[in-house]
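Residue strings, one per chain:
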Amino acid sequence: MKSDLNKLHLDCNWQDLTEGMQIYGETTALEFNTGEWTSVKPELDMSKCIHCLMCVPVCPDSCIPVVDGMRGEFDYDHCKGCGICVKACHVDAIKMEGVK
């Protein structure tokens, strides 16, 4: 059974969903805003950030952009709030906060 990715929404029947553990499309992560699933999110204090970029490679969802060697703001649409970036930041520039 191969399903059209456009059918994967709340208004479809369960029979139209893909079977578990099967991927029927590629590069679809940007279509799904998974950040709304979390109750906490990382907050960056730019005054403490030294742009060492140690947080960037540990983010499992690639939610920390780098532009011209400088770290950017979090991509909250796709951040799941795992907190790995907090542990990687050795200058305590990232804290986990509740979603407002």
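Shown above is the structure to which this text applies.
All values derive from a computational prediction rather than experimental measurement.

A. A look at the overall build of the protein. Counting its secondary structure elements, the protein contains one helix and four strands. Order of helices (α) and strands (β) in the protein, N terminus to C terminus: β-β-β-α-β. The 100 residues of the protein split such that 26% are buried. In the protein, the share of contacts with a sequence separation of at least 24, taken over all contacts with a separation of at least 6, comes to 56%. When the accessible surface of the protein is totalled, it reaches about 7300 Å², and 55% of it is carbon and sulfur.

B. The pattern of salt bridges, seen in detail. Here the structure, examined in full by the defined rule, presents two salt bridges. In this structure, lysine 41 and glutamate 43 form a salt bridge, with 3.6 Å as the shortest nitrogen-oxygen distance. Between aspartate 61 and lysine 80 there is a salt bridge, with the nearest N and O atoms lying 2.8 Å from each other. Of this pair, aspartate 61 sits in the loop between strand 1 (40-44) and strand 2 (66-67) while lysine 80 sits in the loop between strand 3 (70-71) and helix 1 (84-88); the two residues are 19 residues apart in sequence, bridging distant segments of the chain. Classification of lysine 80 as partly exposed rests on a relative accessible area of 35%.

C. Fine view of the nonpolar core. Within the largest apolar cluster, twelve residues are counted, these being Leu44, Cys49, Cys55, Cys59, Cys63, Ile64, Phe74, Cys79, Cys85, Cys89, Ala93 and Ile94. When sequence neighbours within four positions are dropped, the list of residues in contact with phenylalanine 74 reads Pro42, Glu43, Leu44, Cys63, Ile64, Cys85 and Ile94.

D. Expanded view of the packing of aromatic side chains. In total, this model carries one aromatic pair according to the counting rule given. Judged by centre distance (5.9 Å) and plane angle (35°), the ring pair of phenylalanine 74 and tyrosine 76 falls under tilted. In this structure, lysine 41 packs its charged tip against the face of tyrosine 76, placed 4.5 Å from the ring centre.

E. Just the side chain of arginine 71, in detail. Among the secondary structure elements, arginine 71 is positioned in strand 3. No salt bridge is formed by the buried arginine 71, whose closest oppositely charged neighbour, glutamate 73, lies at an N-O distance of 5.7 Å. Ignoring sequence-local partners within four residues, the contact set of arginine 71 consists of Leu44, Met46, Cys49, His51, Leu53, Cys55, Ile64, Pro65 and Ile94.

F. Quick look at unusual backbone geometry. Of note in the backbone geometry, histidine 51 takes a positive phi value of approximately 55° without being a glycine. Residue classification places histidine 51 among the partly exposed positions, given a relative accessible area of 21%. One non-glycine residue, aspartate 92, adopts positive backbone phi at about 55°. Here aspartate 92 shows up in the loop between helix 1 and strand 4 (94-98).

What counts as what
Residues numbered from 1 in each chain as written. Predicted model: local features only at pLDDT ≥ 70, side-chain atom pairs only at ≥ 80, totals over all residues. Heavy atoms only, no water. Helix = DSSP H or I, 4+ residues; strand = E, 2+ residues; numbered from the N terminus. Buried < 20%, exposed > 50% of the residue type's maximum accessible area, 1.4 Å probe, protein only. Contact = heavy atoms within 4.5 Å. Areas by Shrake-Rupley, 256 points an atom, 1.4 Å probe, with all protein chains shown as cover. Salt bridge = Lys/Arg side-chain N within 4 Å of Asp/Glu carboxyl O. Core = buried A, V, L, I, M, F, W, Y, C linked by side-chain atoms within 4.5 Å. Phe/Tyr/Trp six-rings, centres within 6.5 Å; stacked < 30°, edge-to-face > 60°. Lys NZ or Arg CZ within 6 Å of the ring centre and 35° of its normal. Lys, Arg positive; Asp, Glu negative; His and termini not counted.

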